[in-house]
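In case you want the letters, here they are:
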2 protein chains.
Amino acid sequence: MQQLELQALETRKPQSTKTAIMVIGGAEDKVHGREILHTFFYRAGSADAQIAIVPSASREPAIIGERYRGIFNEMGAKRIEVLDIRDRDQCEDAAVHEYLEVCTGVFLTGGDQLRLCGLLADTVLMEKLRLRVQMGQITLAGTSAGAAVMGHHMIAGGGSGECPNRSLVDMATGLGIIPEVVVDQHFHNRNRMARLMSAIAAHPDRLGIGIDEDTCALFEQDGILQVVGKGTVTIVDPGEVSYTNQPLIGATDPISIHNLRVHILSYGQRYDLHQRAIIPTG
Amino acid sequence: MQQLELQALETRKPQSTKTAIMVIGGAEDKVHGREILHTFFYRAGSADAQIAIVPSASREPAIIGERYRGIFNEMGAKRIEVLDIRDRDQCEDAAVHEYLEVCTGVFLTGGDQLRLCGLLADTVLMEKLRLRVQMGQITLAGTSAGAAVMGHHMIAGGGSGECPNRSLVDMATGLGIIPEVVVDQHFHNRNRMARLMSAIAAHPDRLGIGIDEDTCALFEQDGILQVVGKGTVTIVDPGEVSYTNQPLIGATDPISIHNLRVHILSYGQRYDLHQRAIIPTG
């Protein structure tokens, strides 16, 4: 039934107003062009947008929540609620559930991805959100920690300045919105190539996606990713890997990995997640 | 004639005592196991080694020259000379030429690669060294700046913490010992993946080689590279690249590059430079 409604909705709308999943590398422009936040606003329905801001990753949820509220308010969203969930019990709040049923855009702020997952993972609320996103009824955006949680496997923390090794990355379980990817953010800004490669060596059945600051990997419903913003999206594809050693978790032995395929994509460039291939610019 | 002598020499020696080109990522162990420096000593002829130390990249050539002299002396080299070339005129010094004709190992220290190239590039001395290395008569090692100069195109400097872009790397001309590679050193230690990718985007006919500290890419005469030491050697192969933009030199626009092949090699692993392929471990 919802699927039928969705199809009816799609036929009425031009391509670019469809819902999407927006994985943002942190530090997105909040002041000047605000291109990424504008794109979220637009994909959430523009003047009809009913937006939920989830600041739960942050230790200052009130401040960050109000900041985004001000931005989307200025853009002209129809309704904006900050869902300041600080306790798993709040995920059962009837008012929260009611709003999730009508809202068209959910924005996960930055902070600590373990905190965010600790509050939301395996709740009925999260299941409802995932379903509505999958049905194309909600545009979901996450920035920084809010981006990190998108995959099934999640990078919870790690370092830089070392060759790939298992102690360079701490893995945890994410919210599984796009289960097949492992996301890293603030990517080239914080020199995270070696840590993403370490994560992918441990999970070679996934695809690594490194997203720079003020940059967004925008996933359409059909699994096509497009780059929006100032930096790059780096894809680390282990599909053809011919060898990798598997040091124990926490070991500092170098990880070797042969035949990785790496793409650095910039503005407007597109990648097919299912085909694992660049879409040539027409 | 020299070639015949070389062949005669080769039949007398087991495989591993052949001369090699050793490209060292800087900060090689000088105190404990000294594995890389021992390998150089061995490949230069062990007790028969006549070693030339070239500290010209350094601003403290006397100190660094004596440090390496002490190390190779302790190992038992037959003869060690520090060729403290501080002026291009010294490259014509008869005593220097005479020693180069008999020596079996040349070691280029760290420092500033532009300084080293400024002193040695396009001199008769350098031409003689290159020839003797190519003939397999000299084992040549370079660490840090001494490694950077190995390719035809040389990374003279650059930064980190940014997505690949042309202003992230300063290119110059190296000594062209292994013309087909672009070398970067202190590689993962200083987060240089984005700068090496920027260099390779500008020179997609070359192969990028990033070498970690206390790690060596040891090139045999037949173009097989083997990893020695604690870290990794990263190979960035643009052979299958399907697209790259070409921002102007110094531009900060992101570089996009599609279908790079990347290998992270660790201890003992081998790569065929001519075939551009990993040699599977037997």
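Above this text sits the structure in question.
Being a predicted model, the structure only gives us computed values, none of them experimental. (Residues numbered from 1 in each chain as written. Chains lettered and ligands numbered in written order. Predicted model: local features only at pLDDT ≥ 70, side-chain atom pairs only at ≥ 80, totals over all residues. Heavy atoms only, no water.)

**So, the pairing of strand β9 (residues 207-211) of chain A**
All names here are of chain A. Most of β9 is tucked away, with five of its five residues classed as buried. Because side chains alternate across β9, one face comprises the buried residues Leu207, Ile209 and Ile211, and the other comprises Gly208 and Gly210, equally buried. With five bridges connecting them, strand β8 (residues 181-185) and β9 associate as parallel partners. Bridge pairing in β9 places Val183 opposite Ile209. Alignment of β9 against strand β12 (residues 233-237), held across four bridges, turns out to be antiparallel. By the bridge assignment for β12, Ile211 is matched with Val233. (Buried < 20%, exposed > 50% of the residue type's maximum accessible area, 1.4 Å probe, protein only. Helix = DSSP H or I, 4+ residues; strand = E, 2+ residues; numbered from the N terminus. Pairing = 2+ DSSP bridges.)

**Considering the pairing of strand β5 (residues 139-143) of chain B**
Two faces, one strand: in a regular strand the side chains alternate between the faces of the sheet. Residue and element names in this part refer to chain B. Burial analysis of β5 places five of its five residues in the buried class, which makes it a mostly covered element. Where strand β1 (residues 21-24) meets β5, four bridges bridge the pair, whose relative direction is parallel. Note that in β5 the partner of Ile24 across the bridge is Thr143. Looking at chain direction, strand β4 (residues 105-108) and β5 are connected through four bridges and run parallel. When the bridges of β5 are listed, Leu108 appears paired with Gly142.

**Points about the interface of chain A and chain B**
The interface is formed by 32 residues belonging to chain A together with 32 residues belonging to chain B. With both sides pooled, the region where chain A packs onto chain B buries about 2500 Å², and carbon together with sulfur makes up 54% of that total. Here chain A is connected to chain B by two salt bridges. In this structure, A:Glu240 engages B:Arg261 in a salt bridge whose closest nitrogen and oxygen atoms are separated by 3.5 Å. Inspection of the chain A/chain B interface yields 18 residue pairs in polar contact (both at pLDDT 80 or more). Sorting the residues of the side of chain A that touches chain B by element identifies α8 (193-202) and β14 (257-265) of chain A as the ones contributing at least two each. Each residue belonging to the side of chain A that touches chain B can be placed in one class, and the counts come to 14 nonpolar, 13 polar and five charged. Judged from the five bridges that link them, β14(A) and strand β14 (residues 257-265) of chain B form a sheet pairing that is antiparallel. Within β14(B), the residue paired with A:Leu260 across the bridge is B:Val262. (Contact = heavy atoms within 4.5 Å. Buried area = accessible area lost by both parts, 1.4 Å probe. Salt bridge = Lys/Arg side-chain N within 4 Å of Asp/Glu carboxyl O. Polar contact = N/O pair within 3.5 Å; in protein donor to acceptor, adjacent residues only side chain to side chain. Nonpolar A, V, L, I, M, F, W, Y, C, P; charged D, E, K, R; others polar.)

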